[in-house]
Amino acid sequence: MSQIDDLFEGEDAVKPNVAFISTLLVVGLLLSILGLACSSVPGGILVLLAFHYADVELDRVESGYLPETERPRVRRLRSFALAGVVLLTLVIIQQIWLTSMGFYDVFWEASLRTLFGTTEAVS
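Right, let's walk through the structure included here. (Residues numbered from 1 in each chain as written. Predicted model: local features only at pLDDT ≥ 70, side-chain atom pairs only at ≥ 80, totals over all residues. Heavy atoms only, no water.)

1. Remarks on the overall build of the protein
Counting secondary structure elements, the protein contains five helices and zero strands. From first element to last, N terminus to C terminus, the protein shows the α and β order α-α-α-α-α. (Helix = DSSP H or I, 4+ residues; strand = E, 2+ residues; numbered from the N terminus.)

2. A word on the nonpolar core
As a rule of thumb, soluble globular proteins bury nonpolar side chains together. Counting 12 residues, the largest nonpolar core consists of Val18, Ile21, Leu24, Leu25, Leu29, Val47, Ala50, Ala54, Leu77, Ala81, Val85 and Leu88. Those elements that place two or more of their residues in this core are α2 (18–34), α3 (41–63) and α4 (71–100). The greatest single-element share of this core, amounting to five residues, is contributed by α2. (Core = buried A, V, L, I, M, F, W, Y, C linked by side-chain atoms within 4.5 Å. Buried < 20%, exposed > 50% of the residue type's maximum accessible area, 1.4 Å probe, protein only.)

3. Comments concerning the packing of aromatic side chains
Taken as a whole and assessed by the stated rule, the structure comprises four aromatic pairs. Linked through ring pairs, Phe103, Tyr104, Phe107 and Trp108 together constitute an aromatic cluster. (Phe/Tyr/Trp six-rings, centres within 6.5 Å; stacked < 30°, edge-to-face > 60°.)

4. Here's the deal with a nonpolar patch on the surface
Taken together, the side chains of Phe20, Val41, Ile45, Leu49, Tyr53 and Val56 make up a nonpolar region of the molecular surface, amounting to roughly 500 Å² of accessible area. Counting through the fold element by element, Leu49 comes out in helix α3. On the basis of relative accessible area, Leu49 is assigned to the partly exposed category, the value being 33%. (Patch = residues over 30% accessible without salt bridge, like charges linked within 9 Å, V, L, I, M, F, W, Y side chains within 5 Å. Areas by Shrake-Rupley, 256 points an atom, 1.4 Å probe, with all protein chains shown as cover. Salt bridge = Lys/Arg side-chain N within 4 Å of Asp/Glu carboxyl O.)

5. What to know about the environment of Leu77
Assignment of secondary structure puts Leu77 in helix α4. Leu77 sits in the buried class, given a relative accessible area of 6%. Sequence spacing of Leu77 and Tyr53 is 24 residues, and the spatial spacing of their C-alpha atoms is 10.0 Å. For Leu77, the contacting residues outside a window of four places in its chain are Val18, Ile21, Ser22 and Ala54. (Contact = heavy atoms within 4.5 Å.)

6. Here we look at helix α5 (residues 103–116)
Between its first and last C-alpha atoms α5 spans 20 Å; for 14 residues at 1.5 Å apiece the expected length is 20 Å, and the two agree. Gly117, located one to two residues past α5, shows a positive phi value of around 70°. (Expected span 1.5 Å × (residues − 1).)

These figures capture arrangement, not role.
Laid out in structure tokens, this is it:
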């Protein structure tokens, strides 16, 4: 029996992809927030992928593929990913509001004037 247990414990034991999912989540949130200048969609896709993969990892724990000891860590990761989705939703709502208020027309026109030094209206 101990030989069977040795197969599933130790250095070669199956582990959740926490680093990959965390990286997707952090990079996605950063891109979403920075994307308020033009588009939050690329970051949003990464955040949604992070949530999907965190959900898959939780399914792997529940199916018995991953050790039960990983459940709290994976559940916490999924909670962070869900919070990321909520934050992403708020960022997209903010971007929709900014677009409807005409912010981007003024912002990009002023930015292009500053960048190229023109005094004429950019059309």
